[in-house]
Amino acid sequence: MTMHEFMEKIEKRNPGEELFIQAVKEVVETVWDTYINNPRFVKNNVLERMIEPERIIIFSVPWVDDQGEVQLNRGIRVQQNSAIGPYKGGIRFQQSVNVSTLKFLAFEQTLKNSLTTLPMGGGKGGSDFNPTGKSDSEIMRFCQAFMQELFRHIGPQTDVPAGDMGVGAREVGYMFGMYKKLANNFTGVITGKGLNWGGSRFRPEATGFGTVYFAQEQLKTKGTNFAGKRVAVSGFGQVSWGATIKATDLGAKVVTLSGPDGYIYDEKGVSGDKIKYMVDMKLSNRNVVKDYADKFGVPFFPGKRPWDVKVDIALPCATQNELDEKDAKTLISNGVICVTEGANMPCTPEAMHLFKGAKILYAPGKASNAGGVSTSCLEMAQNATHCSWTGEEVDAKLQNIMKSIHEQCVIHGIEADGFIDYVKGSNIAGFMKVANAMCDQGVV
Ligand code: GLU
């Protein structure tokens, strides 16, 4: 079978699922040679089996809003692959969420989790619930209603959800509370918990910190670092927040943040109290970044993305396909040296190819944003042994994990001229581990 025929089969099986096909295609293109030249992988049909989720649970989530009206949303959990550990991955609450979105994320998560070197399978869940403008009580009732069904499908050795877009510490708390009540079991079934009840130090910061640690490793290969660099960050949620803190700590200046409404440009840099304000913006549930411009008197560019600004480093931390071909061209002509993804699949395939062609340091999210889920696994380890590690211990482990992900990317992605293809490197490394585990475990 040729790669083209293989992809045709996958596209036929998943009609109209554009995001899922985009994610799968990128992986298939880079792992095909590894797959087809390994008789054991071919005999076990591992690539096709890895692409197909092991199970998808779809359920209705009826809940009552503040006006007493009954609302309905759809809940979904994609349990993608359990070859190397229990399903693991976040929950996303966003109006546009559908099965295709969550299948793309669960597939990416499977390879990402494999890369972390930790024992986690891949999964993702969510709902088309839109948190924007909802009251705290509405958020609580929705989270409880969502967990009323999800609780029977998850467990610390089965499937361990966490946060993602629209799901932070507050939502994790409400979901955990309902799980505990229904299961009559206080256990590490969900990560991103509060520090007083089983959470890990640095989990909120971990994805953003990890992204910067990964970028640091990339910059090291060129003999440079974050000190004195201008950085464009997109988004203003948890990942952007963590990345801004760490990049600033390392001496860089973060000059942009963005939201669905546009972007802000802060020439002096997002630092100190302005970073704290990012948390308030998130908790306000307004989902607009313009509030930052109004509060600190900096320029706001409505309807625009931050990639027009001249920077050395770009950290796309908002959402999928937020940086396209045109943006990539602008960044390259403005002299960007490093593009490291904090979000999942924020660069379009065209943008990725341009970065590769220009030999820019470019890292895909499945490698560079894996610090979040890695720290989730550290949280699971602490829960399982009823202990709590210090911030220093967790941070040191996180830095080591990011370094080892970078090393795997180099091993599998280095080219003859020394250029590191992080896309190829991360896909092959992530794929091999899961594929070998699937072969070892037989056709199940
Ligand atoms: N949602 C995060 C991710 O995309 C974290 C998942 C987790 O901690 O399980 O990797």
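Heads up: the structure comes first, above all this text.
Residues numbered from 1 in each chain as written. Predicted model: local features only at pLDDT ≥ 70, side-chain atom pairs only at ≥ 80, totals over all residues. Heavy atoms only, no water.

A. Layout of the packing of aromatic side chains. Summed over all chains, the structure comprises 21 aromatic pairs. Note on F209 and Y213: the rings are 6.2 Å apart at their centroids and 70° apart in plane angle, and the pair reads as edge-to-face. Within this pair, F209 and its partner Y213 are both found in helix α8 (residues 203-220), separated by four residues, close to a single helical turn. The class for F209 is buried, based on a relative accessible area of 4%. (Phe/Tyr/Trp six-rings, centres within 6.5 Å; stacked < 30°, edge-to-face > 60°. Helix = DSSP H or I, 4+ residues; strand = E, 2+ residues; numbered from the N terminus. Buried < 20%, exposed > 50% of the residue type's maximum accessible area, 1.4 Å probe, protein only.)

B. The site of the ligand, seen in detail. The environment of the ligand is formed by 13 residues, the closest being K88, K112, G163, D164 and S376. Taking K124, its side chain carries an N or O atom lying 3.0 Å from an oxygen atom of the ligand. R203 is positioned with one of its side-chain polar atoms (N or O) 3.0 Å from an oxygen atom of the ligand. When isolated, the ligand has an accessible area of 300 Å², and the protein chains bury 95% of it. At the level of secondary structure, the elements contributing two or more residues to the shell around the ligand comprise β3 (87-93), α5 (99-115) and α15 (371-384). Broken down by class, the residue content of the shell around the ligand amounts to two nonpolar, six polar and five charged. (Near = heavy atom within 4 Å. Polar contact = N/O pair within 3.5 Å; in protein donor to acceptor, adjacent residues only side chain to side chain. Areas by Shrake-Rupley, 256 points an atom, 1.4 Å probe, with all protein chains shown as cover. Nonpolar A, V, L, I, M, F, W, Y, C, P; charged D, E, K, R; others polar.)

C. Local environment of the nonpolar core. Formed by 53 residues in total, the largest nonpolar core has its most connected members in F226 and I405. If you tally residues by element for this core, the top one is α8, at seven residues. Leave out the neighbours within four places in its chain, and F226 touches V212, A215, Q216, L219, V231, A247, L250, G251, A252 and I313. F6, I10, Y35 and L111 belong to the second-largest nonpolar core, a separate cluster that totals 38 residues. (Core = buried A, V, L, I, M, F, W, Y, C linked by side-chain atoms within 4.5 Å. Contact = heavy atoms within 4.5 Å.)

D. Broad picture of the packing of helix α1 (residues 3-13) against helix α2 (residues 18-36). The N-to-C vectors of α1 and α2 enclose an angle of 155°; their axes lie 11 Å apart at closest approach. In terms of axis orientation, α1 runs roughly antiparallel to α2. Note that α1 runs across α2; the crossing there is right-handed. Of the residues in α2, those touching α1 at M3, F6, M7, I10 and E11 are I21, V24, K25, V28, E29 and W32. A breakdown of the residues in the contact of α1 with α2 according to their chemical character gives eight nonpolar, no polar and three charged. (Axes fitted to C-alpha atoms, helices over the stretch in contact; angles between N-to-C directions. Parallel < 35°, antiparallel > 145°, perpendicular 65-115°, else oblique. Left-handed = near helix turned anticlockwise from the far one by under 90°.)

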